[in-house]
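Chain and residue survey
Residues per chain are reported as follows:
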Amino acid sequence: MTIIFEYDDVTASDSLETFTKEKLTKLFKRNELVIRADVFFKTENTTSDETGMIAGIRLSAPGPRLFAEASKANFRDAVSEVVNELQRQLTKRKETMKNY
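Read on for a plain summary of the structure. All values derive from a computational prediction rather than experimental measurement.

1. A short note on the nonpolar core
Leu24, Phe41, Ile57, Leu59 and Leu86 are the most contacted members of the largest nonpolar core, which totals 26 residues. Looking at this core, the elements with two or more residues in it are strand S1 (2-8), helix H1 (14-30), strand S2 (36-43), strand S3 (53-60), strand S4 (66-72) and helix H2 (75-96). Considering every element that reaches this core, the biggest residue donor is H2, with 7 residues. Not counting residues within four places of it along the chain, the set of residues in contact with Ile57 comprises Leu24, Ala37, Asp38, Val39, Leu66, Phe67, Ala68, Val82, Val83 and Leu86.

2. Here we look at the pattern of salt bridges
Here the idea is simple: oppositely charged side chains can pair when their charged atoms come close. In total, this model carries 5 salt bridges according to the counting rule given. A salt bridge links Asp38 to Arg58, with the nearest nitrogen and oxygen atoms 3.1 Å apart. With Asp38 in strand S2 and Arg58 in strand S3, this residue pair connects regions lying 20 residues apart in the sequence. The network of salt bridges with shared partners includes Arg36, Asp38 and Arg58.

3. Quick look at the side chain of Asn31
Position of Asn31 relative to the elements: it lies in the loop between H1 and S2. A residue is classified by how much of its surface remains accessible, and Asn31, at 3% relative accessible area, is buried. Setting aside residues no more than four positions away along its own chain, Asn31 makes contact with Gln87, Leu90 and Lys94.

4. Looking at the environment of Pro62
By secondary structure assignment, the location of Pro62 is in the loop between S3 and S4. In this structure the C-alpha to C-alpha distance between Pro62 and Val34, which are 28 residues apart in sequence, comes to 7.7 Å. Other than its neighbours up to four places away in sequence, Pro62 contacts Leu33 and Arg93.

Rules used in this analysis
- Residues numbered from 1 in each chain as written.
- Predicted model: local features only at pLDDT ≥ 70, side-chain atom pairs only at ≥ 80, totals over all residues.
- Heavy atoms only, no water.
- Core = buried A, V, L, I, M, F, W, Y, C linked by side-chain atoms within 4.5 Å.
- Buried < 20%, exposed > 50% of the residue type's maximum accessible area, 1.4 Å probe, protein only.
- Helix = DSSP H or I, 4+ residues; strand = E, 2+ residues; numbered from the N terminus.
- Contact = heavy atoms within 4.5 Å.
- Salt bridge = Lys/Arg side-chain N within 4 Å of Asp/Glu carboxyl O.

As structure tokens, then:
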């Protein structure tokens, strides 16, 4: 399990990395095919107070890479939404994979 963090105009945060690792560890345990996660954090100027903190996660697994991104008021909410979306994508991929 490898997790790589990248920050774009955002200060690195140990608590945010710990929160993200906890969420991704659950994802890795449920899906043994996932071997790596690249996590991206960036900010964006928006007119809405409910968006602007963007979290994106790219997972390396057999087949095409999976990617999800969310923009919320804070990074923790964005990470939670992204992990839920990736879980849906992984579930869909498992259903389409055939066991030989």
